[in-house]
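Descriptive structure summary
The primary structure of each chain is shown beneath.
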Amino acid sequence: MTQNSRTPRSAYSRPVWPDRAMLWRWHFFAGLFCLPFVIMLCVTGSLYLFKPQIETWLDRHIDHAVTQGSPQTVSAQRDAALAAVPGGHFLALEMPFRKTQATRVLVAHGADVARVYIDPVTLRVLAQRDEQTRFERLVFRLHGQLLIGNWGSVIMEMVASWTLVLIVTGLLLWWPRKAGAGGTILPRLGAKGRLFWRDLHAVGGMWISLVLVLFLVSGLPWSFVWGSAFAAVESRLGRLVAVQDWEIGAVPIAATLSGHATMPGMSDAEMAGMAMDTAPQPMSPQAGLDAVYETARQLAFPAPTLITPPASARDVWHIRSDAQNRPKRVEASVTAQGEVTHVTRFADKGLSDRLIGYGVAFHEGHLFGVLNLLLNLIVALLLALASVAALMLWLRRRRPGHLDAPQSSPRPIGWGALAVMGVMGILLPELGASLLLLALAGRFLGRRFSALR
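Residues numbered from 1 in each chain as written. Predicted model: local features only at pLDDT ≥ 70, side-chain atom pairs only at ≥ 80, totals over all residues. Heavy atoms only, no water.

Thoughts on the confidence of the model for the protein
How we decide: Every residue gets a pLDDT, meaning the predictor's confidence in that residue, from 0 to 100. Secondary structure elements follow DSSP: runs of H or I of four or more residues count as helices, runs of E of two or more count as strands, with numbering from the N terminus. Contacts are residue-level and defined by heavy atoms, with any inter-residue pair within 4.5 Å sufficient.
Looking at the protein, the pLDDT average stands at 83 and 83% of residues meet or exceed 70. At the low end of the mean pLDDT range in the protein sits helix α10 (residues 268–278), at 45; at the high end sits helix α4 (residues 74–84), at 95. A low-confidence stretch, residues 1–5 (pLDDT under 50), is modelled with one contact involving residues beyond four sequence positions or located in other chains. In this model residues 262–285 is a low-confidence stretch, pLDDT under 50, and it forms 46 contacts with partners more than four residues away in sequence or in other chains.

Structural data, given as structure tokens:
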């Protein structure tokens with residue numbers, strides 16, 4: 001037998017997985033794209049974890065101005081709020097959960113919503129704010145939409161998709177090649193220079209990788225492309241047993257509060273029109289709010305609790321909990337006389353909707369109390385630290401005026417990696433589209449741009 005006939009098959013067979021140089025190159029470019037967004041998500045996500053506490057602190061001077069004494073009827077408080085917004089329609093009333101608290105009345109005017117704070121004793125308007133410009137809404141829209149609507153949601157969905165690539169390639173690069181805890185599962189904090197930053201990035205990223213994947217996956221239902229596709233499939237399969245209680249992309253705030261925030265395939269104008277249709281017209285009977293409010297007090301749903309009026313005199317009122325712990329949410333249909341006709345609880349939803357509800361509650365840090373909040377805060381801080389460490393590693397290695405990306409590998413990508421990328425590209429459409437664009441750019445522009453080579 002000749003020497004050529006004894007050549008191992010692996011010497012000329014196509015590889016299954018990419019080599020370390022290719023993994024490092026993918027990790028570098030994914031990180032370069034995701035890094036600024038990831039740091040922004042860490043900051044805004046950490047703020048949103050404490051949304052109830054921050055809102056209470058921001059509204060403290062309003063609630064402190066409430067007069068001591070016997071409150072007026074709730075219907076009188078609603079009328080006072082409507083008088084403060086000419087041409088407005090009563091959209092919802094947020095029940096106070098403390099005795100000395102202003103009544104929050106939500107009034108729709110066009111596609112916008114005004115939050116009017118009423119002194120329940122004197123019926124004086126203590127404050128009036130645009131719902132979209134409140135701190136909680138600004139942080140929410142910055143976190144998921146970059147304050148630019150659905151285009152921002154698309155960008156953040158792409159960031160989430162490439163962050164998953166960042167995690168996979170990072171774990172493969174971290175995978176220990178020698179025994180020892182230092183630099184593998186424990187950072188060598190006594191090290192200096194590049195080794196110190198490397199351990200903060202690699203070891204910190206390893207520890208938060210699993211929770212970070214859960215964060216990214218649980219955030220997809222909010223995104224415009226993935227969330228709309230999921231809602232369309234759910235509706236076609238008939239598995240939605242109740243209106244979804246999370247927003248998909250950017251929707252008018254009036255539609256969100258009226259319970260139509262997630263109707264897929266509708267424009268903003270159509271959603272705003274639907275919100276106006278569901279709000280009672282000026283001549284519609286408003287009788288029943290006082291009786292419904294008393295029923296809501298007896299039901300004592302988890303705060304915050306919203307009371308929304310019927311679309312017509314023949315329809316029913318709705319009492320719903322907007323608790324951040326989604327499994328605790330409950331909604332009741334109530335007649336104008338205060339009689340409960342139907343109650344919908346979290347357990348009544350379909351399986352996929354319950355799973356998403358658990359994911360959303362975990363994402364917001366309220367699924368299992370303070371421990372969930374602390375876990376999310378620690379992950380956000382470690383992720384920010386790992387991101388800063390990655391930036392330091394690159395800046396210490398980079399030559400002034402150069403990108404200094406890792407060199408491309410002459411080895412083929414491997415059919416196993418192609419299969420994984422194909423599956424991820426199908427499950428995450430924006431990742432698949434961007435991978436195709438990158439492949440075309442490398443094929444036709446690689447000779448012109450050195451970074452692509």
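A short note on the environment of Phe-362
The residue Phe-362 is located in helix α12 (residues 351–363) in this model. The spacing of Phe-362 and Leu-214 is 148 residues in sequence and 8.7 Å in space, taken between C-alpha atoms.

Some points on the packing of aromatic side chains
The condition is simple: For Phe, Tyr and Trp, where Trp contributes only its six-membered ring, two rings pair if their centres lie within 6.5 Å, and the inter-plane angle classes them as stacked under 30 degrees, edge-to-face over 60, or tilted in between. Relative accessible area decides the class of each residue, using a 1.4 Å probe on protein chains only: under 20% of the type maximum gives buried, over 50% gives exposed, and in between gives partly exposed. Only when the NZ atom of a Lys or the CZ atom of an Arg is both within 6 Å of the ring centre and within 35 degrees of the ring normal do we say a charge sits over the ring.
Counted by the stated rule, this structure contains 11 aromatic pairs. Arranged with centres 6.5 Å apart and planes meeting at 90°, the rings of Phe-140 and Trp-222 form a pair that is edge-to-face. Remark: Trp-222 occurs in the loop between α7 (194–219) and α8 (224–237) and Phe-140 occurs in helix α5 (residues 135–145); sequence separation between them is 82 residues. Classification of Phe-140 by relative accessible area gives buried; the value is 15%. Ring pairing ties together the aromatic residues Phe-28, Phe-29 and Trp-394, which thus form one cluster. One cation-aromatic arrangement involves Arg-60 over Trp-57; the distance from NZ or CZ to the ring centre is 4.1 Å. One Lys or Arg, Arg-398, reaches over the ring of Trp-394 and ends 5.1 Å from the middle of that ring.

Digging into empty space enclosed by the protein
Here is the rule: Think of a 1 Å grid over just the protein atoms. A cavity is a set of points where a 1.4 Å probe fits yet cannot get out, a pocket is an open set with protein on both sides within 12 Å along at least five of seven lines, and lining residues have an atom within 4 Å of a point. Grid points are joined across faces, edges and corners, and a volume is the space filled by probe spheres set on the points. Under the scheme applied, nonpolar residues are Ala, Val, Leu, Ile, Met, Phe, Trp, Tyr, Cys and Pro; charged residues are Asp, Glu, Lys and Arg; polar residues are all the others, including Gly.
Counted according to the given criterion, the structure contains two cavities of 30 Å³ or more. Put simply, the largest cavity is a space of about 710 Å³. Lining the largest cavity are 33 residues, with Leu-41, His-143, Phe-215, Gly-219 and His-363 sitting closest to its centre. Looking at the lining of the largest cavity, the elements that each hand over two or more residues are α1 (20–49), α5, α6 (150–174), α7 and α13 (369–397). Looking at which element gives the most residues to the lining of the largest cavity, the answer is α1, with seven residues. Partitioning the lining of the largest cavity into residue classes produces 18 nonpolar, 12 polar and three charged.

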